[in-house]
Amino acid sequence: MNDAFITRSSRIVHQDRWMRVRLDAITRPSGAEGSYTVLEKADFAVIAAIEDGAIHLVSQYRYPVGGRYWELPQGSWQGDAPLAATELATRELREETGLTAGSMEEIGFFYTAYGYSNQGCHLFVASGLRFVGQQLDAEEEGLVSRSFAIDTVEAMIRAGEIKDATTIAAVGLLSLHGRLRT
């Protein structure tokens with residue numbers, strides 16, 4: 001079965017340093033014509049900094065949803081020269097939590113919303129942690145970092161207190177890999 005769509009034309013309808021929005025005219029395998037809007041964003045890293053049965057989370061105001069929520073530290077490439085995923089994870093962990101890691105291990109990769117975006121996520125576990133001080137970007141104004149017992153984080157997810165899909169998916173993947181056992 002041929003599942004491929006044919007792109008007849010494509011145009012950029014918005015672009016800034018964080019993303020590009022593309023509107024494509026497409027033909028589906030059935031021959032039906034239509035359009036597809038694609039959000040192009042650089043891949044990002046999410047970091048589970050785990051130590052002594054606890055995991056570090058960050059909280060910051062998220063403008064699109066008008067609220068502040070706990071989530072795993074995460075960040076994406078900026079500029080023309082992307083870092084290797086491990087370097088990105090190391091940088092984001094330091095910026096957001098003030099921690100450096102003796103070990104940074106990639107656990108997996110997943111797409112965050114492939115129904116409309118090409119963005120993927122590299123999941124890392126950081127261990128051998130040492131606090132050296134936060135280095136927040138201007139966009140991270142008001143960000144706070146705190147460590148929580150792993151069972152507390154799982155309870156926060158079950159209770160709907162953690163609403164970030166990336167954090168929820170990452171915790172699930174970490175659990176499947178046996179990385180959250182206390």
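Below is a short write-up of the structure.

Conventions used here
- Here the residue numbers are simple positions, counted from 1 along each chain's written sequence.
- In view of the model being predicted, local features appear only for residues whose pLDDT reaches at least 70, and side-chain atom pairs are presented and counted only at 80 or more, with totals across whole chains, interfaces and linings using the full set of residues.
- The side-chain quantities take in all heavy atoms of the structure and omit both hydrogens and water.
- Under the scheme used here, helices are H or I runs from DSSP no shorter than 4 residues and strands are E runs no shorter than 2 residues, and both carry numbers assigned from the N terminus.
- When a residue's accessible area, from a 1.4 Å probe over protein chains only, is under 20% of the maximum for its type it is buried; when over 50% it is exposed; and in between it is partly exposed.
- The contact criterion used throughout is that any non-hydrogen atoms of two residues lie within 4.5 Å.
- What sets the accessible areas is the Shrake-Rupley method with a 1.4 Å probe; for residues, cover comes only from the shown protein chains.
- Patch membership requires over 30% relative accessible area and the absence of a salt bridge. Like charges are linked within 9 Å, and nonpolar side chains (Val, Leu, Ile, Met, Phe, Trp, Tyr) within 5 Å.
- Any carboxyl oxygen of Asp or Glu that lies within 4 Å of a side-chain nitrogen of Lys or Arg is treated as forming a salt bridge with it.
- Only Phe, Tyr and Trp rings take part, Trp by its six-membered ring, and two of them pair if their centres are within 6.5 Å. Stacked means planes under 30 degrees apart, edge-to-face means over 60, and tilted covers everything else.
- Two strands form a pair only when DSSP identifies at least two bridges running between them.
- Comment: axis = line fitted to C-alpha atoms, over the contacting stretch for helices; angle = value between 0 and 180 degrees taken between N-to-C directions.

1. Comments concerning the overall build of the protein
Check the secondary structure of the protein and you find three helices and ten strands. When the helices and strands of the protein are placed in sequence order, the string is β-β-β-β-β-β-β-α-β-β-β-α-α. The dimensions of the protein, computed from C-alpha atoms along their principal axes, are 55 × 35 × 30 Å. Taken over 182 residues, the protein has a buried fraction of 40%. Looking at the protein alone, contacts between residues at least 24 apart form 58% of all its contacts between residues at least 6 apart. Carbon and sulfur atoms provide 50% of the accessible area of the protein, an area that totals close to 10,300 Å².

2. Focus: a nonpolar patch on the surface
A cluster of nonpolar side chains, F109, Y111 and Y114, forms an exposed patch at the surface whose accessible area comes to about 380 Å². Within the fold, F109 resides in strand 8 (residues 99–111).

3. Things to note about the packing of aromatic side chains
The geometry of an aromatic ring pair comes down to the distance between the two centres and the angle between the two planes. Enumeration according to the criterion identifies four aromatic pairs in this entry. An angle of 75° between the planes, with centres 4.9 Å apart, marks the rings of W70 and F148 as edge-to-face. In this pair, W70 sits in strand 6 (residues 67–71) while F148 sits in strand 10 (residues 144–149), placing the two residues 78 residues apart along the sequence. You can call F148 buried: its relative accessible area is 6%. Within the aromatic cluster, the residues linked to one another by ring pairs are F109, Y111 and Y114.

4. A few points about the sheet that holds strand 3 (residues 33–40)
Strand order in the open sheet formed by three strands is 1-2-3, and the pairing between neighbours is antiparallel. With partners counted over all chains shown, the strands left at the sheet margins are strand 1 (6–15) and strand 3, one partner each. Between one strand and the next, the sheet's axes are offset by a mean angle of 20°, whatever the strand orientation. The pairing of strand 1 with strand 2 (residues 20–27) spans eight bridges and is classified as antiparallel.

5. Here we look at the pairing of strand 5 (residues 54–62)
Of all nine residues making up strand 5, seven are buried, and the element is well covered by its neighbours. As paired strands, strand 4 (residues 44–51) and strand 5 are joined by two bridges and run antiparallel to one another. Looking across to strand 5, one finds that E51 is bridged to A54. In this antiparallel pair of consecutive strands, strand 4 and strand 5, the connection spans two residues, and D52 shows a positive phi of 50°. As defined by bridge partners, strand 5 adjoins strand 10 across six bridges and the pair is classed as antiparallel.

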